[in-house]
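For reference, the chains in residue letters:
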Amino acid sequence: MTTQQKLPAAPMQLKRYVSPTEYKFEGNTGKFEGHAAVFNNLDSGGDVILPGAFQEFVKTRDGKTIILYQHSARDPIGKGEVTQDSFGLHIRGELALDDPTAQKAYGLMKSGVIDSMSIGYEVLPGGEAYKNGRRELSRLKLFECSVVTFGMNDLARVETVKSAMDCTSPRELEHLLRESLTLSNRKAKAAANSLWPLLSDRDDQADDRDDRKLAEITPELKHELTRIFDNQLKMKE
């Protein structure tokens, strides 16, 4: 059962989930459709959204979901109708082409420069479970869908996780976070202190620090690094 709500303020720790998608367009009207999330797909943060996971939807007055550009609340570019099908979260959207940002996004979508969508969501109570090194999401609240650039942010997150696995001390981890995520000294130190217990719990055999070790990294560490990375991106918007 789903619930429909008027737009409240989004929580500070809104989660994000990026999915490559194939857009279909209706001429040059600003209308399009695609999938904003894919079920049973493992994302870079170790999350899997299970079929039917979207239980609550924050909607506009006319019952639609807001569409943002690059997750920026300052750049609403349209709205759409979302439904859950066997593949994932389907959206039939319409961009407000009288807005310059929406025009830009639409052009990039049609040319294939932007080929992904992302969602801003919150996990509802009892809606997550860790299984086989991944987090399965079964109860979610959807706040927004975004048109996003795919690749660079994802790559930066993966490289940060790999580098973190090679750190041998909290000070080295602090330096990595400060340099790779451009955190302040205070925030880098706080983040390193939070992450180091997760890193120090691993098996520290030197010959295991490779891609195979990355695959065995605890879900908690991946999610904590993803949270720090996404929060820093928000500050740059």
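For the structure itself, consult the block above.
Notes on the structure in this doc start here. (Residues numbered from 1 in each chain as written. Predicted model: local features only at pLDDT ≥ 70, side-chain atom pairs only at ≥ 80, totals over all residues. Heavy atoms only, no water.)

Turning our eyes to something else, we now look at the pattern of salt bridges. The final tally for this structure, using the stated rule, is seven salt bridges. Among the salt bridges present, the one from Arg92 reaches Glu26, with a minimum N-O distance of 3.5 Å. Taken together, the positions of Arg92 in strand S9 (residues 88-95) and Glu26 in the loop between strand S3 (24-25) and strand S4 (31-38) put the pair 66 residues apart, joining distant regions of the chain. For Glu26, a relative accessible area of 40% translates into the label partly exposed. Notably, a salt bridge pairs Asp62 with Lys79, separated by 2.7 Å at the nearest N-O pair. With Asp62 in the loop between strand S6 (54-58) and strand S7 (65-69) and Lys79 in strand S8 (residues 72-84), the pair connects residues that are 17 residues apart, well separated along the chain. Connected through salt bridges with shared partners, the residues Glu26, Glu33 and Arg92 form a single ionic network. (Salt bridge = Lys/Arg side-chain N within 4 Å of Asp/Glu carboxyl O. Helix = DSSP H or I, 4+ residues; strand = E, 2+ residues; numbered from the N terminus. Buried < 20%, exposed > 50% of the residue type's maximum accessible area, 1.4 Å probe, protein only.)

Moving on, we get to the environment of Ser86. Inspection of the secondary structure assignment puts Ser86 in the loop between S8 and S9. Looking at Ser86, the relative accessible area reads 76%, which means it is exposed. A C-alpha to C-alpha distance of 7.2 Å links Ser86 and Pro51, two positions 35 residues apart in sequence.

Quick look at the packing of aromatic side chains now. The final tally for this structure, using the stated rule, is three aromatic pairs. Relative to Phe25, the ring of Tyr23 has its centre 5.9 Å away and its plane inclined at 40°; by these criteria the two rings are tilted. For Tyr23, a relative accessible area of 13% gives the class buried. Residue classification places Phe25 among the partly exposed positions, given a relative accessible area of 29%. Grouping aromatic residues by their ring pairs yields a cluster made of Tyr23, Phe25, Phe32 and Tyr106. When the ring centre of Phe57 is taken as reference, the NZ or CZ atom of Lys59 above it lies at 5.4 Å. Against the face of Phe25 rests Lys110, its NZ or CZ located 5.6 Å from the ring centre. (Phe/Tyr/Trp six-rings, centres within 6.5 Å; stacked < 30°, edge-to-face > 60°. Lys NZ or Arg CZ within 6 Å of the ring centre and 35° of its normal.)

A separate point is the environment of Gly88. Locating Gly88 in the fold gives a position in strand S9. The class of Gly88 is buried, set by a relative accessible area of 0%. The sequence separation of Gly88 and Val38 amounts to 50 residues, and the corresponding C-alpha distance is 4.2 Å. Look past the residues within four positions of Gly88 in its chain and what remains in contact with it is His35, Ala37, Val38, Phe39 and Thr83. (Contact = heavy atoms within 4.5 Å.)

This paragraph deals with the sheet that holds strand S11 (residues 128-131). One open sheet holds the three strands; their spatial order is S5-S12-S11, and the pairing between them is mixed. Taken across any chain shown, the strands that pair with only one partner, and hence form the sheet edges, are strand S5 (47-49) and S11. The mean inter-strand angle of the sheet, taken between neighbouring strand axes irrespective of direction, is 30°. Sheet topology places S5 next to strand S12 (residues 134-137); three bridges connect them, and they run parallel. Bridging across to S12, Asp47 finds its partner in Arg135. (Pairing = 2+ DSSP bridges. Axes fitted to C-alpha atoms, helices over the stretch in contact; angles between N-to-C directions.)

Across the eight residues of strand S10 (residues 116-123), six count as buried, placing the element largely inside the fold. With six bridges joining them, strand S2 (residues 15-20) and S10 adopt antiparallel strand pairing. In the strand pairing of S10, Tyr17 is matched with Ile119. Note that S10 and strand S13 (residues 140-148) share eight bridges and pair antiparallel. Each residue of the ladder has a partner; that of Ile119, found in S13, is Cys145.

Judged from the five bridges that link them, S7 and S8 form a sheet pairing that is antiparallel. Of the residues in S8, the one forming a bridge with Tyr69 is Ser72. Between the end of S7 and the start of S8, which pair antiparallel, lie two residues, with Gln70 showing a positive phi angle near 55°. By the bridge criterion, seven bridges tie S8 to S9 in an arrangement that is antiparallel. Among the inter-strand pairings, Val82 is bridged to a residue of S9, identified as Ile91.

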